[in-house]
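Notes for the structure review
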Amino acid sequence: MDLIRAKLRKPGLPEDVLLRRRLVDRVASGGRRNVLLTAPVGYGKTVLMAQIRLARDEAAVWYRLDETDNAFRQFVTYLAAAFEPCFPGSDQTFSDLVSAPPDDLRPDAAAGRFLSLIEAATGRITLFLDDVHVISSEAVCQFLHHLAHYAGRSLRIVMAADRPVPQLADLPLERRYIELGVADLRFSREEAERYLGYRLSVERARRLEGWPFGLACLRRFGYETLREESGALADRILASTESFERSLLSVIAHFPHATPALCERILNLGAEVRPVAETLKELMTQGAFLYGTEDAYDLHPLIADILRQKYPLSPVQREAALDALIDAGRYGQAMSLALENGDPAQ
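Quantities reported herein were computed from a predicted structural model and do not represent experimental measurements. (Residues numbered from 1 in each chain as written. Predicted model: local features only at pLDDT ≥ 70, side-chain atom pairs only at ≥ 80, totals over all residues. Heavy atoms only, no water.)

Considerations on the packing of helix 12 (residues 223-239) against helix 16 (residues 301-310)
Here is the rule: Between N-to-C directions, angles cover 0 to 180 degrees, with each direction set by a line fitted to C-alpha atoms, over the stretch in contact for helices. The helix count covers DSSP runs of H or I at least four residues long, the strand count covers runs of E at least two residues long, and both are numbered beginning at the N terminus. Just so you know how the angles are binned, under 35 degrees is roughly parallel, over 145 roughly antiparallel, 65 to 115 roughly perpendicular, and the rest oblique. Should any heavy atoms of two residues lie within 4.5 Å, those residues are considered in contact. By the convention adopted, Pro, Cys, Tyr, Trp, Phe, Met, Ile, Leu, Val and Ala count as nonpolar, Lys, Arg, Asp and Glu as charged, and the other residues, Gly among them, as polar.
The geometry of helix 12 relative to helix 16 is characterised by a closest axis approach of 9 Å and an angle of 70° between their N-to-C directions. The angle between the axes of helix 12 and helix 16 places the two elements in the roughly perpendicular class. Contacts between helix 12 and helix 16 involve Tyr223, Leu226, Arg227, Ser230, Gly231, Leu233, Ala234, Asp235, Ile237 and Leu238 on the former and, on the latter, Leu302, Ile303, Asp305, Ile306, Leu307, Gln309 and Lys310. Residue composition of the contact of helix 12 with helix 16, grouped by class: 10 nonpolar, three polar and four charged.

Below is the structure:
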């Protein structure tokens, strides 16, 4: 098999990168616990993994996954190639594992073989797996389960995903993993201003919401390019959703902290339509920049801006929204909507 070596190449750091010291220190304070980073595109997961790698004086293995790696033999072949440099001059090799007959290439046996070689090596190794959200193969997931569960102090695993990975949901996270999500990865206002080199207005800080990619665009190209990039990302999100899902996202864009009940009222949904709460939870797993807190949902402000422009509310939806907001006791939003409607007496 001809390997694409770029998938195993360790990334460097951009010249203008902001060192995420608080996150690197948090990972370091966890000792040899594994790490799971989950956030949509542009939250600096790969850059943070590179910083974690450079902060540790130990061998590192890097593997950037793509859809083709759901083929288990290919996955094992790439992983073996990534680990080979960790054993220079050693008679230990993964070649027998890679060339094993199909019946002998079982996930548990393959993981056990990797672990035995790693445990026999001198020194510690960190395995970085980027883009694990592309994995749907049962065999690859079983392998990762086995590797994570039985890894000793010689191996640490750091994984990054653009969205939650249901197939890996029952990994022993509570005992063996440090989990970092959007709330952890977004820049604080202090970090954002240090990176940009100037103070942000309250409104611009709110709209950026600590999004690392957005801050990088703003620093390098200015606000207009940031809006263009945000628009392109919004288009990608919309292209991957159905009409019903886009309608829900548009309501949340217009009314931050929207509940499923509010969406149902505004869209005048009947009982035959897909359940709103379940659909919103599905959208959260698809990297749509949708975040949930208890029973309410919000979009990233930059994405919400684009969706409000693309999907203005119809007059009927505005009237339904006004009634729903008043009934829900959300008088501030109701007043703003009434003013937009040109009828402050409402």
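Quick look at the packing of helix 13 (residues 243-254) against helix 15 (residues 276-284)
At a closest axis distance of 11 Å, the pairing of helix 13 and helix 15 adopts a crossing angle of 85°. Considering their axes alone, helix 13 and helix 15 lie roughly perpendicular with respect to each other. Across from Phe244, Glu245, Leu248, Leu249 and Ile252 in helix 13, the residues of helix 15 making contact are Val276, Thr279, Leu280 and Leu283. When the residues that make up the contact of helix 13 with helix 15 are grouped by side-chain class, the tally is seven nonpolar, one polar and one charged.

So, unusual backbone geometry
Formally: Partly exposed residues are those whose accessible area sits between 20% and 50% of the maximum for their type, while under 20% is buried and over 50% is exposed, using a 1.4 Å probe and protein chains only.
Although it is not a glycine, Glu209 sits at a positive phi angle of roughly 50°. Along the chain, Glu209 turns up in the loop between helix 10 (202-208) and helix 11 (212-221). The exposure class of Glu209 is partly exposed, given its relative accessible area of 25%. For His257, which is not glycine, the phi torsion reads 65° and is therefore positive. You can see His257 is positioned in the loop between helix 13 and helix 14 (260-267).

Observations regarding the environment of Tyr291
For clarity, the threshold we go by: For the purposes of these results, a polar contact is taken to be a pair of N or O atoms within 3.5 Å, where, inside protein, one atom must be able to donate a hydrogen and its partner to accept one; residues adjacent in sequence count only when each atom of the pair is a side-chain atom.
Here Tyr291 lies in strand 6 (residues 290-293). Look at Tyr291 and you get buried, because its relative accessible area is 17%. Sequence separation of Tyr291 and Leu280 is 11 residues, and the distance between their C-alpha atoms is 9.3 Å. When near neighbours in sequence (up to four residues on either side) are disregarded, Tyr291 contacts Pro40, Tyr43, Val182, Arg186, Glu209, Met284, Ala296, Tyr297, Asp298 and His300. Within the local environment of Tyr291, its side chain forms a polar contact with the side chain of Tyr43, the two groups lying 2.9 Å apart.

Quick word on the side chain of Lys45
Counting through the fold element by element, Lys45 comes out in helix 2 (residues 45-55). Leave out the neighbours within four places in its chain, and Lys45 touches Leu37, Thr38, Ala39, Pro40, Ala160, Ala161, Asp162 and Leu185.

A few points about the sheet that holds strand 1 (residues 34-38)
Strand pairing in a sheet relies on backbone hydrogen bonds, with the paired strands running either antiparallel or parallel. Going by this rule: At least two bridges found by DSSP between two strands are what make those strands a pair.
Taking strand neighbours across the sheet as the criterion, the five strands line up as 2-3-4-1-5 in an open arrangement whose pairing is parallel. Each edge of the open sheet is held by one strand with a lone partner, namely strand 2 (59-64) and strand 5 (177-180). The average angle at which neighbouring strand axes cross in this sheet is 15°, direction not considered. In the sheet, strand 1 pairs with strand 4 (residues 155-161) via four bridges, with the strands oriented parallel. Its bridge partner being in strand 4, Val35 is matched across the sheet by Val158.

Here's the deal with the packing of aromatic side chains
We count it as follows: Stacked, tilted and edge-to-face pairs are distinguished by plane angle, under 30 degrees for stacked and over 60 for edge-to-face with tilted covering the rest, among Phe, Tyr and Trp rings (Trp via its six-membered ring) whose centres lie within 6.5 Å. Whether a charge sits over a ring comes down to the Lys NZ or Arg CZ being within 6 Å of the ring centre and within 35 degrees of the ring normal.
With the rule as written, the count across this model stands at 12 aromatic pairs. Ring centres of Trp211 and Phe213 lie 5.3 Å apart, and the angle between their planes is 55°; on these two criteria the pair is classed as tilted. Since its relative accessible area comes to 32%, Phe213 is described here as partly exposed. Stacked on the ring of Tyr195, the Lys or Arg Arg219 has its end atom at 4.8 Å from the ring centre.

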